[in-house]
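Listed below are the residues making up each chain.
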Amino acid sequence: MRAEATPPFALDEDHDMPDILLHHYDNSPFSEKVRVCLGIKGLAWGAVEQPVIMPKPQLVPLTGGYRRIPVMQIGADIYCDSMLIVRELERRFPDPTLFPDGNRGLAQALALWTDRSLFQAAVAVIFGNLAEHVDPAFIKDREALSGQPFDTDRMRLAIPHMEAQLRAHVALIAEQLADGRAFLGGDRPGLADANAYYNLWFIRNAFPPASGIFTDDALVSDWVGRVAAIGHGTRSPVSADAALAVARDAVPGSSTVARRDAALAGKTVTVAADDYGRDPIAGTLVGSSDHHVAIRRECDDLGEVVVHFPRIGFVIQG
Ligand SMILES: N[C@@H](CCC(=O)N[C@@H](CS)C(=O)NCC(=O)O)C(=O)O
């Protein structure tokens, strides 16, 4: 396991700029998933701080309108959504693997549990409790993001139910650890751990009094400690301006379009999330597979960038 290391000096960005840039903010739970995966792989990466609410003038030019966090940038290739980001990390840096027990499909499919129902339970418990302490600007922003009212009364009334939901999800983690294994898949950490862990990390960070829901169980609590100890790899700060300059100076990697998408190859398509933050992003389809789509965009200031999205959770329209 590798501890997080932050260099005690400013990096000379011309020479030591890491290839992997993660556009994130520290309190972002989906970014924590990716940071843990970077830790498992022991990678060096540049942390580009982005705002928690709109506007995001140094993110949106890269993505073409996708505003959610995290976004990974490697040169002029921009990867949206943690599900695709971790997949791309595994593709580019396969060793050590995020799938130490070999369950590649299951570990990735687990995101549909952790990123949706478990995450929603965590959000409801956190914001149900914090309700009236939440910054009105944040509320307004998240209402626009979700298209739903941020109804504090309703959230407060739902707390007992959502705590029971959360407890039931945590009980599944406890059950998986019941044979004394160190990590969810066995003796080595992987994506399954990062997926489940970031939700508990989110609760502990955002509303510590609710942490009892998982710290009361020694198996879960010790596992949380083990995942936290993995760290985040080697993180160094990179300014948003420097990240934009990287995109400007780079050429996107090559992509291929799957045969079944041949009719859309080279055509303008839009890609939009199917859950929240659904603003469509337009570009020319240049890459696709069962797992992803990639669109090329021309941006006045940056030149050509290719923006990659997962298939799962995104709607592609020609
Ligand atoms: N499915 C997306 C979800 C990302 C997501 O919801 N991120 C949150 C922050 S953790 C977000 O973007 N919130 C709105 C914002 O930061 O503008 C993923 O896996 O990356």
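Every value quoted in this text rests on a predicted model; they were computed, and no experiment measured them. (Residues numbered from 1 in each chain as written. Predicted model: local features only at pLDDT ≥ 70, side-chain atom pairs only at ≥ 80, totals over all residues. Heavy atoms only, no water.)

Explain the packing of helix H10 (residues 191–206) against helix H12 (residues 218–230) here, please?
When two helices pack together, their arrangement is captured by the angle between the axes and the distance separating the axes. Between H10 and H12, the shortest axis-to-axis distance is 10 Å and the interhelical angle comes to 100°. The orientation of H10 relative to H12 falls into the category roughly perpendicular. From H10, Asp193, Ala196, Tyr197, Leu200 and Arg204 reach across to H12, where they touch Val220, Trp223, Val224, Val227 and Ala228. Residue composition of the contact of H10 with H12, by class: eight nonpolar, no polar and two charged. (Axes fitted to C-alpha atoms, helices over the stretch in contact; angles between N-to-C directions. Helix = DSSP H or I, 4+ residues; strand = E, 2+ residues; numbered from the N terminus. Parallel < 35°, antiparallel > 145°, perpendicular 65-115°, else oblique. Contact = heavy atoms within 4.5 Å. Nonpolar A, V, L, I, M, F, W, Y, C, P; charged D, E, K, R; others polar.)

I'm lost on the pattern of salt bridges in this one. Help?
Oppositely charged side chains can form a pair if their charged atoms are brought close together. Applying the stated criterion across every chain yields a total of 20 salt bridges. The shortest N-O distance in the salt bridge between Arg116 and Asp274 comes to 3.4 Å. One end of the pair, Arg116, is in helix H6 (residues 111–130); the other, Asp274, is in the loop between strand E6 (268–273) and strand E7 (281–288), and 158 residues separate them in sequence. The class for Arg116 is partly exposed, based on a relative accessible area of 33%. Taken together, the shared-partner salt bridges in this structure form one network comprising Arg68, Asp81, Arg116, Asp274 and Asp275. (Salt bridge = Lys/Arg side-chain N within 4 Å of Asp/Glu carboxyl O. Buried < 20%, exposed > 50% of the residue type's maximum accessible area, 1.4 Å probe, protein only.)

Would you explain the pairing of E7 in this entry?
The side chains of a regular strand alternate, residue by residue, between the two faces of the sheet. Burial analysis of E7 places seven of its eight residues in the buried class, the great majority of the element. Inspection of the sheet shows E6 paired to E7 by four bridges, in the antiparallel sense. Counterpart to Thr270 in the pairing with E7 is Ala282. Across four bridges, E7 lies against strand E8 (residues 292–299) in antiparallel orientation. Looking at the pairing, Leu285 lines up with Ile295 of E8. The hairpin turn running from E7 into E8, its antiparallel successor, is three residues long. (Pairing = 2+ DSSP bridges.)

Any chance you could explain the domain arrangement of the protein here in plain terms?
When the parts come together, some accessible area is lost, and that loss is often what is quoted as the size of the interface. Taken as a whole, the protein is organised into domain 1 (13–96 + 234–317) and domain 2 (104–228). Domain 1 and domain 2 are separated by 25 Å when their C-alpha centres are compared. Between domain 1 and domain 2, the residue contacts involve 27 residues of the former and 24 residues of the latter. Both faces combined, the contact of domain 1 with domain 2 buries some 2000 Å², and carbon together with sulfur accounts for 65% of it. (Domains from an automatic or database assignment. Buried area = accessible area lost by both parts, 1.4 Å probe.)

What is the right way to look at the site of the ligand in this model?
Surrounding the ligand, one finds 15 residues, the nearest of these being Tyr25, Lys56, Arg67, Ser82 and Tyr276. Contacts to the ligand include Ser82, whose side-chain N or O atom sits 2.5 Å from an oxygen atom. A distance of 2.6 Å is found between an oxygen atom of the ligand and a side-chain nitrogen or oxygen belonging to Tyr276. For the ligand, the protein covers 94% of the area, taking 490 Å² as the surface of the free molecule. Looking at the shell around the ligand, the elements that each hand over two or more residues are helix H2 (29–41) and helix H7 (136–146). (Near = heavy atom within 4 Å. Polar contact = N/O pair within 3.5 Å; in protein donor to acceptor, adjacent residues only side chain to side chain. Areas by Shrake-Rupley, 256 points an atom, 1.4 Å probe, with all protein chains shown as cover.)

Whenever I open this one, the confidence of the model for the protein confuses me. Can you help?
Parts of the prediction with low pLDDT should not have their coordinates interpreted in detail. Taken as a whole, the protein shows an average pLDDT of 95; of its residues, 95% reach a score of 70 or greater. Taken element by element, the predicted model of the protein shows its lowest mean pLDDT in helix H1 (residues 13–16) (60) and its highest in H2 (99). (pLDDT = per-residue confidence, 0-100.)

Can you help me understand H2 in this one?
Because each turn of an α-helix spans 3.6 residues, side chains separated by three or four positions in sequence point in the same direction. For H2, with 13 residues, the first-to-last C-alpha span of 19 Å sits near the 18 Å given by 1.5 Å per residue. In terms of burial, H2 is a largely internal element, 13 of the 13 residues being buried. (Expected span 1.5 Å × (residues − 1).)

Explain the packing of H2 against H6 here, please?
One can describe the packing of H2 onto H6 by two numbers: an axis separation of 12 Å at closest approach and a directional angle of 150°. Taken as axis vectors, H2 and H6 run roughly antiparallel relative to one another. The handedness of the crossing between H2 and H6 comes out as right-handed. Contact with H2, carried on its side by Pro29, Phe30 and Lys33, involves Ala111, Asp115 and Phe119 of H6 and no other residues of that element. (Left-handed = near helix turned anticlockwise from the far one by under 90°.)

Help me understand the side chain of Asp81, please; the structure alone is not making it clear to me.
Locating Asp81 in the fold gives a position in the loop between strand E4 (77–80) and helix H4 (82–92). With sequence-adjacent residues up to four places away left out, Asp81 is seen in contact with Tyr66, Arg68, Pro70, Pro310 and Phe314.

What should I look at first to understand the sheet that holds strand E1 (residues 20–24) in this one?
In a beta sheet, neighbouring strands pair by backbone hydrogen bonds and run either parallel or antiparallel. Taken together, the 10 strands give an open sheet; going across it, the order is E5-E2-E1-E3-E4-E9-E8-E7-E6-E10, and neighbouring strands pair in mixed fashion. Whereas interior strands pair on both sides, the edge strands pair on one side only; in this sheet they are strand E5 (234–237) and strand E10 (314–317). Each neighbouring strand pair of the sheet contributes to a mean axis angle of 35°, computed without reference to strand direction. As judged from the three bridges shared by E4 and strand E9 (residues 303–310), these two strands associate in the parallel manner.

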